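Summary of the model geometry
For reference, the chains in residue letters:
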Amino acid sequence: MADDRTELVQGTLEMLVLKTLALEPMHGWGIAQRIELMSNRVFMVTQGSLYPALVRMRRRGWITSSWRVTENNRRARYYALTAAGERQLDAERAAWRRASGAVNGILSARLAPGAT
């Protein structure tokens, strides 16, 4: 069976992590799984890209982290959205809508009959 999953569009990982954490605090593995499920298994988040992004986002004050026990009785670092992270998510969502609308406009453009 072919694997149709793909890497994320460059620059979207942090926005998707912020959205995932807006739903509930999660540990890293859970964040990757949630993004894969919410994308209908189109996007795959590797640990090699996720954890550096989480470190960057924590340094920027967009998320916090704390150790907790998982549902499987293991210790894991849980990440949660901060107020600054909520504002960043709003800004990134607006930028995404603007950019995707522009791309959609280009892709759906047609020449008018008789135009050269």
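Read on for a plain summary of the structure. Keep in mind the model is a prediction, meaning the values are calculated, not measured.

**Thoughts on the environment of Q10**
With respect to the element layout, Q10 can be found in the segment before α1 (13–23). Accessibility expressed as a relative area gives 79% for Q10, which makes it exposed. For the pair Q10 and V69, spaced 59 residues apart in sequence, the C-alpha separation works out to 32 Å.

**Let's talk about the nonpolar core**
In a soluble, globular protein the nonpolar side chains are often hidden away together inside. Among the nonpolar cores identified, the biggest contains 19 residues, and V17, L18, L21, I31, L50, L54 and I63 are the most heavily contacted of them. Going through the elements one at a time, α1, α2 (28–38), α3 (47–59) and β3 (75–81) are the ones with two or more residues in this core.

**Re α2**
Of the residues making up α2, those classed as buried are G28, G30, I31, A32, I35 and E36. For α2, the secondary structure elements touched by its buried residues are α1, β1 (26–27), α3 and β3. After α2 finishes, the residue N40 shows a positive phi value of roughly 55 degrees.

The rules behind the values
- Residues numbered from 1 in each chain as written.
- Predicted model: local features only at pLDDT ≥ 70, side-chain atom pairs only at ≥ 80, totals over all residues.
- Heavy atoms only, no water.
- Helix = DSSP H or I, 4+ residues; strand = E, 2+ residues; numbered from the N terminus.
- Buried < 20%, exposed > 50% of the residue type's maximum accessible area, 1.4 Å probe, protein only.
- Core = buried A, V, L, I, M, F, W, Y, C linked by side-chain atoms within 4.5 Å.
- Contact = heavy atoms within 4.5 Å.

Distances and angles like these do not, on their own, reveal function.
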